[in-house]
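Structural features, examined
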Amino acid sequence: MSAPMEIIVCADSAGQLWNCAVIELHSGTNLLSYRGGNSSPRALTVLNGEYILGAQLGKNFINVWEIQRKDQLQQKIVCPGVVTCLTSSPNGLYLVAGIAEAIYLWEVSTGNLLAILSRHYQDLTCLRFTDDSSHFISGGKDNLALVWSLASVVQLDSTNAPEPRHVLSRHSLPITDIHCGLMGPQARVATASLDQTVKLWELSSGEMLLSVLFDVGIMSVTLDPCEYYLFCGGSDGGIFQVSLCSQSLSRDKTFQSDNEGNQVFKGHRNLVTCLSVSMDGTLLLSGSHDETIRLWDIQSKQSIRSINQKGPVTNAFIIPAPANMFLPDSRPGIPLPRFSRHLNPSEQGEGVETGGVCVRLAPHTQVRPKETYLEKADKLYSLMSAVTDKSVFGSGENTKVRVSELEEEVRTLKKVNKDLYDFSAQLLTKPN
């Protein structure tokens, strides 16, 4: 049998047979299972197509498996507290975990803890990255969803605490799920809440585009790849399809079934905790506390497969099959290091990994810009994302000024990069 193109990664709270399993999307065949413990809701992630990470339910560690070695648990990442949600950046460089009300950000290549963000007031419930890894969004029981720029979070200046780029504060009860669409900083973000609403936001401006009120609390949310439809999982077992192509111009509306694409998928008997759509937009995956995973045909709204689990489903999502998953002899390109629990591991007695190289410029060769490179990158992202800001496109003359400023900024960054490259080349090629 040829390797599948898309797979389902799922987990349930019982963990009797396995922690998580891999299922072929179209046939429902169980391909792989990973044993050891059980994973918390919204706390199962695939890192760079090489590792599966799952935060242990109610414990302060993360289970790690090499993706092709399902037979044994490879590693445990010990954390400062119980992990309530977990995600990794699509580029595989960063790991983000919610621990109580704080966000912990690690660099995967070194295991260094880069930042602890304490901007939420209650426990975190979900974390999501944009598809280009430039931003991530956090949601919590404090009813807030925060948009973070990765460039500002990993800044070298530790004296200034990073602030979220946007605070999405229109929900009145805890956030239950977040979905981030495509297009990086231009993406649209959907948030679900126990306040019986799902809200759609513009990431670049933080503006709310749509708010849909339902009769029940919403536990999960997702968009199809083309963003024609919004799918919302209810606490009563229903899945609501909301058309985003409706001719209605109202920003706030109440969900009602109609012939314009607003429909209900019926089949689950309890909370719908997970939703995911296939790459071609034809299949909808759902996981529920009724201990089943269902696959739906979106066009007909019919359930075409039901997969029984041993407990309430905590995680279920569709991803492209990683290349190494079905090659038993393959190994990850880079082994995972030991992950630090402190921002300054040497001061806490954890020790520092050896083998790193630190290059410091001599005083007379140091470049002393007014802004750091990461600050400039963050500024550029802000300008790129402000496509709806009237100050950018208010008039043709203003647009020309902004374009000139951006071009000058790019030239400056290129010069700084060239100077650093030339200096590094001279340093490395200098005879002893």
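Residues numbered from 1 in each chain as written. Predicted model: local features only at pLDDT ≥ 70, side-chain atom pairs only at ≥ 80, totals over all residues. Heavy atoms only, no water.

**Description of the overall build of the protein**
Worth spelling out the cut-off: Segments assigned H or I by DSSP are reported as helices when at least four residues long, segments assigned E as strands when at least two residues long, and all are numbered from the N terminus. For every residue, the accessible area obtained with a 1.4 Å probe (protein chains only) is divided by the maximum for its type, and the residue is called buried under 20%, exposed over 50%, and partly exposed between those limits. Residues are treated as being in contact if the distance between any of their heavy atoms lies within 4.5 Å. Where accessible areas are quoted, they stem from the Shrake-Rupley method and a 1.4 Å probe; at the residue level, only the protein chains shown are allowed to cover.
Scanning the protein for helices and strands turns up four helices and 29 strands. Buried residues in the protein amount to 49% of all 432 residues. The long-range share in the protein, meaning contacts at least 24 apart out of those at least 6 apart in sequence, stands at 47%. Surface exposure of the protein reaches about 21200 Å², of which carbon and sulfur atoms provide 51%.

**What to know about unusual backbone geometry**
At Glu 291, a position not held by glycine, the phi torsion is positive, near 70 degrees. Note that Glu 291 resides in the loop between β26 (283-288) and β27 (292-297). By relative accessible area, which is 33% here, Glu 291 ends up partly exposed. Here Lys 301, not a glycine, exhibits a phi torsion of approximately 65 degrees, which is positive. Residue placement: Lys 301 occurs in the loop between β27 and β28 (302-308).

**Focus on the UniProt feature "repeat: WD" (unreviewed entry) in the protein**
This is how the line gets drawn: UniProt positions are given in the numbering used here, feature names are shortened, and annotations may be inferred rather than shown by experiment.
Look at the UniProt record and you will see "repeat: WD" (unreviewed entry) annotated at residues 117-158, 189-211 and 265-306. Between the C-alpha atoms that bound residues 189-211 the distance is 12 Å, and the span itself is 0% helix and 65% strand.

**A few points about the packing of aromatic side chains**
Spelled out, the test is: Note on ring pairs: Phe, Tyr and Trp rings are taken, using the six-membered ring of Trp, and paired if centres are within 6.5 Å. Classes follow the plane angle, with under 30 degrees stacked, over 60 edge-to-face and the rest tilted.
Tallied over the full model, the rule gives eleven aromatic pairs. Both rings, one in Phe 231 and one in Phe 265, keep their centres 6.1 Å apart while their planes meet at 65 degrees; by these two values the pair is edge-to-face. Residue Phe 231 is found in strand β21 (residues 229-234), and its partner Phe 265 is found in strand β24 (residues 263-265); the two are separated by 34 residues along the sequence. Seen from their ring centres, Phe 240 and Phe 255 are 5.3 Å apart, and the 70 degrees between their planes marks the pair as edge-to-face. Of this pair, Phe 240 sits in strand β22 (residues 239-243) while Phe 255 sits in the loop between β23 (252-254) and β24; the two residues are 15 residues apart in sequence, bridging distant segments of the chain.

**Points about the pattern of salt bridges**
Inclusion rule: What makes a salt bridge here is a side-chain nitrogen of Lys or Arg within 4 Å of a carboxyl oxygen of Asp or Glu, nothing more.
Under the defined criterion, the tally for this structure stands at eight salt bridges. Close ionic contact of Glu 163 with Arg 119 constitutes a salt bridge, the shortest N to O distance being 3.3 Å. Taken together, the positions of Glu 163 in the loop between α1 (150-153) and β15 (166-168) and Arg 119 in the loop between β11 (113-117) and β12 (124-129) put the pair 44 residues apart, joining distant regions of the chain. We classify Glu 163 as partly exposed; its relative accessible area is 49%. Using a relative accessible area of 24% as the deciding quantity, one classes Arg 119 as partly exposed. Among the salt bridges present, the one from Lys 418 reaches Asp 422, with a minimum N-O distance of 3.0 Å. Taken together, the positions of Lys 418 and Asp 422, both in helix α4 (residues 396-429) and four residues apart, correspond to about one turn of that helix. Put simply, Arg 42, Arg 128 and Asp 177 are held in one network by salt bridges that share partners.

**Describing empty space enclosed by the protein**
Rule in force here: Detection works on a 1 Å grid of protein atoms alone, calling trapped sets that fit a 1.4 Å probe cavities and calling open sets with protein on both sides within 12 Å along at least five of seven lines pockets, with lining residues defined by an atom within 4 Å of a point. Grid points are joined across faces, edges and corners, and a volume is the space filled by probe spheres set on the points. Lys, Arg, Asp and Glu make up the charged group, whereas Ala, Val, Leu, Ile, Met, Phe, Trp, Tyr, Cys and Pro make up the nonpolar group; the residues left over, Gly among them, are polar.
Tallied over the full model, the rule gives one cavity of 30 Å³ or more. Taken as a whole, the largest cavity spans an internal volume of roughly 40 Å³. Elements represented by at least two residues in the lining of the largest cavity include exactly β2 (20-24), β27 and β28. Grouping the constituent residues of the lining of the largest cavity by class yields seven nonpolar, one polar and three charged.

**Some thoughts on the sheet that holds strand β20 (residues 218-223)**
Note: strands within a sheet are paired through backbone hydrogen bonds, in either parallel or antiparallel orientation. Test applied: DSSP bridges decide pairing: two strands pair if at least two such bridges lie between them. In this analysis, axes come from line fits to C-alpha atoms, helices being fitted only over the stretch in contact, and the angle between any two N-to-C directions falls in the range 0 to 180 degrees.
Pairing in this open sheet of four strands is antiparallel, and the strands run β20-β21-β22-β24 from one edge to the other. Each having just a single partner strand, β20 and β24 make up the two edges of the open sheet. Here the average twist between neighbouring strands, direction ignored, is 25 degrees. Bridging between β22 and β24 involves three bridges; their strand directions are antiparallel. Counted as the bridge partner of Gln 241 is Gln 263 from β24.

**Brief notes about the layout of surface pockets**
Over the atoms rolls a probe the size of a water molecule, and its path tells where empty space is left. Volume-wise, the largest pocket comes out at about 1300 Å³. Along its surface, the largest pocket is lined by 44 residues, and Arg 128, His 179, Phe 317, Ile 318 and Ile 319 are the ones closest to its centre. Among the elements that make up the lining of the largest pocket, the one with the highest residue count is strand β29 (residues 313-320) (seven residues). When its residues are assigned to classes, the lining of the largest pocket shows 23 nonpolar, 14 polar and seven charged.

**Quick notes on the side chain of Gln 68**
So the rule is basically this: Pairing of N or O atoms within 3.5 Å defines a polar contact, subject to two protein rules: one partner must be a possible hydrogen donor and the other a possible acceptor, and residues neighboring in sequence count only if both atoms are side-chain atoms.
For Gln 68, the location among the structural elements is in the loop between β6 (61-66) and β7 (75-78). Looking at Gln 68, its side chain comes within polar contact range of the main-chain oxygen of Ser 330, at 2.6 Å.

**Observations concerning the pairing of strand β13 (residues 135-140)**
Within β13, six of the six residues are buried, which leaves the element mostly enclosed by the surrounding structure. Strand direction decides the pairing type here: β12 and β13, joined by five bridges, are antiparallel. Paired with Leu 124 across the strands is Gly 140, a residue of β13. What sits between the antiparallel neighbours β12 and β13 is a turn of five residues, in which Ser 133 has the positive phi angle 65 degrees. Bridge count between β13 and strand β14 (residues 145-149): five bridges; the pairing is antiparallel. Considered in β14, the bridge of Ser 138 is made with Leu 146. Between β13 and β14, which pair antiparallel one after the other, the connecting turn spans four residues, and Asn 143 there sits at a positive phi close to 75 degrees.

**Focus on the nonpolar core**
The condition that has to hold: Grouping buried Ala, Val, Leu, Ile, Met, Phe, Trp, Tyr and Cys residues that are joined through side-chain atoms within 4.5 Å yields what is termed a nonpolar core.
One finds Leu 53, Ile 62, Ile 77, Val 83, Leu 86, Leu 95 and Trp 106 to be the most contacted residues of the largest nonpolar core, which totals 21 residues. Counting only elements with at least two residues in this core, the list comes to β4 (39-47), β5 (51-56), β6, β8 (83-88), β9 (94-99) and β10 (102-107). By size, the runner-up hydrophobic cluster in this structure holds 17 residues, among which are Ala 115, Leu 117, Leu 127 and Phe 136.

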